[in-house]
Amino acid sequence: MSGAAPERQAVIDLEAFRHNVSTLSALAKPADTMLAVKADAYGHGMVRVARAALESGASSLAVLDIPAALELRAAGITAPIFAWMHDPDALFGEAAEADIDLGISAVWQLDAIAAAGASRAPRVHLKIDTGLSRNGSTEADWPALVQSALAHDAAGAVKLHAAWSHLADASPEADRVALEKLHRAVAVAEELGARFELVHLAASSAGIRMPEARLGMVRFGIAAYGVSPFDDETARDLGLRPVMTLRSRVVSTKRVPAGHGVSYGLTYRTERESTLALVPLGYADGVPRIASGRARVWIGGRRYPIAGRIAMDQFVVDLGDGPVEVGDEVVVFGEGDDGEPTAEEWAGWAETIGDEIVARVGPRVERVYRNESASDVACATGADDPTEGALGATVREIATPEEMHEFGRSLGATLAAGDVIVLAGDLGAGKTTFTRGVGEGMGVRGPVTSPTFVLARTHPSLVGGPALVHVDAYRLGSALELDDLDIDFAGSVVVVEWGRGLVEAVAESYLAIDIERPHGAGAASDADAAGDGTEEADAPVEPRTVRITGVGERWS
Ligand SMILES: *Cc1c(COP(=O)(O)O)cnc(C)c1O
């Protein structure tokens, strides 16, 4: 980021973020999780955060508008992306070509999509205004919107996919009324002939506290960033971890006598002889001026008050006799574990919400990422052709079942006893084909077929190597049940399908392999579930995106 200086940093802990996303997506289940990465991921950096979200439980992403959605596509993200704010010049054609899901509030938007004449029909989510009074159709306009969508769907210009709304979070009662309105709107639409694959309403607040509003999907935002959506519980109370730490350094100190005025307007005067420290962060960086006189920052393991007005580029801290030197780190807000202020506390000092505190952190502040996964690193280091990347750090496109098999085979040939693979992908994505390749590469006895009905199947080695244990964890409720299968993790190679959230308890290191079909393409073959191992036989041949993420020492 141009102009960013190392003395102003927002440290983004992707491990904390992944923890939050997996916590929230587990809570929302069986509802899917869409992660809101609008406004540059609430100031955290959109692309990195989007990837981390998809690695840890989110199945889709929400951005505000089409340009942001196209930016995610350009970064190689293939998961569904939802954008809902459109002006009359919106790039509907580009959005359709890039397979962006569009939130639709008015007939003119549908007409504009059709007029764009793209080669593919985007999925549309019709929005009913259930009380927030922002976008979304009124109840009066709703039947006409539905009918227009049905007509455009029939003409092949759009795919009518979902109905949705957004809550005002005014009170639990008001939110229940809104939910009722959404249900009524869906019923009205169904009477007109609409069939929705998905209905969604809840964001963080209702996603956490209003189970009946989770419906098919929750659009989590602020909670995933480790900021509570509630006044009466902090993120920490909710089991969530603040993701962003805003920090700087002391750039000068001076000793001043009692009664010394500080900063514009001299609204602050030292009570006694004191040391002042200058910190090069100001409201241009997002530090809210209104918090002058209330806010505290963390230096050397202690809280100190900001003295006088926060200026555009700097503020002054009254250290008293605190032992602070030029170059010392200043934490404006952070995780809060050691006593440093949190964004939630800053929200109180600034009479706002924590969302604004993190989202307003400005462009001069360098974003620094902690705990990136292997695939984040691969993408961030800008490997020209990620398909050529080393194992454990790559995203690959795989065009055919043969290539999937070969990918498994070449990986299988490198595996050793103790290795664990967590395999994820829709029915028909190619999990069995991949695992069959792994088995071949390892030289184990086949046939490798889906273990759905046996939970775990052991394939002994034909060449004196480790066995391949193939597990389907889909029906396992807990890590304990996985443990109960008595798998020889140390002595074999274990491939666990649907193992996210379970394997972590039994294996420190694992390789996560996520196979994604281009969404919307073709119907899933469920031969995978039938266990006959012929999943690809009659499935259409479509390319897959395979995301390989190394977790733990073995794969770092
Ligand atoms: C921002 C936003 C979300 C996420 O809201 P949070 O309260 O941050 O969880 C969900 N849906 C829509 C439409 C949004 O604008």
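Residues numbered from 1 in each chain as written. Predicted model: local features only at pLDDT ≥ 70, side-chain atom pairs only at ≥ 80, totals over all residues. Heavy atoms only, no water.

### Structural notes on the overall build of the protein chain
Check the secondary structure of the protein chain and you find 16 helices and 26 strands. By the compact-globule yardstick of 24 Å for 556 residues, the protein chain fits well, its C-alpha radius of gyration being 26 Å. Classification of the 556 residues of the protein chain by burial places 52% in the buried group. A separation of at least 24 residues holds for 66% of the contacts in the protein chain among residues at least 6 apart in sequence. Surface summary for the protein chain: the accessible area is close to 23100 Å², and the carbon and sulfur share equals 51%. (Helix = DSSP H or I, 4+ residues; strand = E, 2+ residues; numbered from the N terminus. Rg over C-alpha atoms; globule rule 2.2 N^0.38 Å. Buried < 20%, exposed > 50% of the residue type's maximum accessible area, 1.4 Å probe, protein only. Contact = heavy atoms within 4.5 Å. Areas by Shrake-Rupley, 256 points an atom, 1.4 Å probe, with all protein chains shown as cover.)

### Let's talk about the site of the ligand
Taken together, the neighbourhood of the ligand is formed by Ala36, Lys38, Tyr42, Trp84, Trp164, His166, Ala203, Ser204, Arg219, Phe220, Gly221 and Ile222. Between the ligand and the protein, one listed contact pairs an oxygen atom with a side-chain N or O atom of Tyr42 at 2.6 Å. Within the side chain of Ser204, a nitrogen or oxygen atom sits 2.5 Å from an oxygen atom of the ligand. Taken by itself the ligand offers 380 Å² of open surface, and the protein chains cover 91% of this. In this structure, the ligand is accommodated by the second largest pocket. Of all the secondary-structure elements, those providing two or more residues to the shell around the ligand are α2 (38-42) and β9 (217-220). Of the residues belonging to the shell around the ligand, the class tally is seven nonpolar, three polar and two charged. (Near = heavy atom within 4 Å. Polar contact = N/O pair within 3.5 Å; in protein donor to acceptor, adjacent residues only side chain to side chain. 1 Å grid on protein atoms, 1.4 Å probe; cavity = no way out; pocket = protein on both sides within 12 Å on 5 of 7 lines; lining within 4 Å. Sits in = over half its atoms within 2 Å of the grid points. Nonpolar A, V, L, I, M, F, W, Y, C, P; charged D, E, K, R; others polar.)

### Let's talk about the layout of surface pockets
Approximately 1300 Å³ is the volume attributed to the second largest pocket. Looking at the second largest pocket, it is lined by 50 residues, and the ones nearest its centre are Asp169, Ser205, Ile222, Pro229 and Asp355. The set of elements that each furnish at least two residues to the lining of the second largest pocket consists of α2, α8 (172-191), α9 (204-209), β9, α10 (343-349) and α11 (354-359). By residue class, the composition of the lining of the second largest pocket is 24 nonpolar, 11 polar and 15 charged. (Points joined across faces, edges and corners; volume = space filled by probe spheres on them.)

### Remarks on the pairing of strand β1 (residues 8-13)
Counting buried residues along β1, six of its six residues qualify, which places the element largely inside the surrounding structure. The alternating pattern of β1 places Arg8, Ala10 and Ile12 on one face and Gln9, Val11 and Asp13 on the opposite face, and all of these are buried. As defined by bridge partners, β1 adjoins strand β10 (residues 244-249) across five bridges and the pair is classed as antiparallel. Within β10, the position partnered with Gln9 by the bridge is Arg247. Sheet topology note: the β1/strand β19 (residues 366-370) ladder contains five bridges and is parallel. The partner of Ile12 across the bridge, within β19, is Tyr369. (Pairing = 2+ DSSP bridges.)

### Focus: empty space enclosed by the protein
It is the rolling of a water-molecule-sized probe over the atoms that shows where space remains empty. Per the stated rule, a full pass over the model turns up four cavities of 30 Å³ or more. Empty space within the second largest cavity amounts to approximately 50 Å³. Along the walls of the second largest cavity sit Tyr225, Gly226, Val227, Pro242, Val243, Met244, Phe333, Gly334, Thr342, Ala343, Glu344 and Val358, which together make up its complete lining. Along the lines of polarity and charge, the residues of the lining of the second largest cavity split into eight nonpolar, three polar and one charged.

### Some details on the packing of aromatic side chains
Per the counting criterion, the structure on display carries eight aromatic pairs. Taking 4.5 Å as the distance between ring centres and 20° as the angle between the ring planes, the aromatic pair formed by Tyr42 and Tyr225 counts as stacked. Placement of Tyr42 in helix α2 and of Tyr225 in the loop between β9 and β10 is noted, with a sequence separation of 183 residues between them. For Tyr225, a relative accessible area of 1% gives the class buried. With a centroid separation of 5.5 Å and an interplanar angle of 40°, the aromatic rings of Phe407 and Phe434 are classed as tilted. Here Phe407, found in helix α13 (residues 401-412), pairs with Phe434, found in helix α14 (residues 431-442); they are 27 residues apart in sequence, far enough to count as distant. Here Phe407 falls in the buried class, since its relative accessible area comes to 3%. For Phe434, a relative accessible area of 0% gives the class buried. An aromatic cluster is defined as three or more aromatic residues linked by ring pairs; in this entry it consists of Phe17, Tyr42 and Tyr225. (Phe/Tyr/Trp six-rings, centres within 6.5 Å; stacked < 30°, edge-to-face > 60°.)

### Brief notes about the nonpolar core
Judged by nonpolar contacts, the single largest core of 116 residues is most densely connected at Leu35, Val37 and Trp346. Three or more residues apiece are contributed to this core by two domains, here domain 1 (15-225) and domain 2 (244-367). In this view, Val37 contacts Met46, Val49, Ala50, Leu61, Ala62, Val63, Leu72 and Tyr225; residues no more than four positions away in its chain are not counted. Phe407, Phe434, Ile513 and Trp555 belong to the second largest nonpolar core, which has 22 residues in total. (Core = buried A, V, L, I, M, F, W, Y, C linked by side-chain atoms within 4.5 Å. Domains from an automatic or database assignment.)

### What about the pattern of salt bridges?
Per the counting criterion, the structure on display carries 25 salt bridges. With its nearest N and O atoms 3.3 Å apart, the salt bridge here joins Asp13 to Arg241. Taken as a pair, Asp13 in strand β1 and Arg241 in the loop between β9 and β10 lie far apart in primary sequence, 228 residues in all. For Asp13, a relative accessible area of 15% corresponds to the buried category. Ionic pairing is found between Asp321 and Arg272, a salt bridge with its closest N-O pair at 3.4 Å. In this pair, Asp321 is assigned in the loop between β17 (315-320) and β18 (329-333) and Arg272 in the loop between β13 (268-269) and β14 (274-279), connecting sequence segments 49 residues apart. Relative accessible area serves as the criterion here: at 49%, Arg272 is assigned to the partly exposed category. Several salt bridges share partner residues, and in doing so they unite Arg8, Asp285, Asp313 and Arg364 into one network. (Salt bridge = Lys/Arg side-chain N within 4 Å of Asp/Glu carboxyl O.)

### Side note on helix α6 (residues 107-116)
Listed in full, the buried residues belonging to α6 are Gln109, Leu110 and Ile113. Each buried residue of α6 sits inside an arc of 100° when the element is viewed along its axis, so together they form one side. In the core, the buried residues of α6 are packed alongside α5 (92-97), β5 (101-104), β6 (123-127) and α7 (142-154). Gly117 sits one or two positions beyond α6 and adopts a positive phi of about 60°. (Arc of directions from axis to C-beta.)

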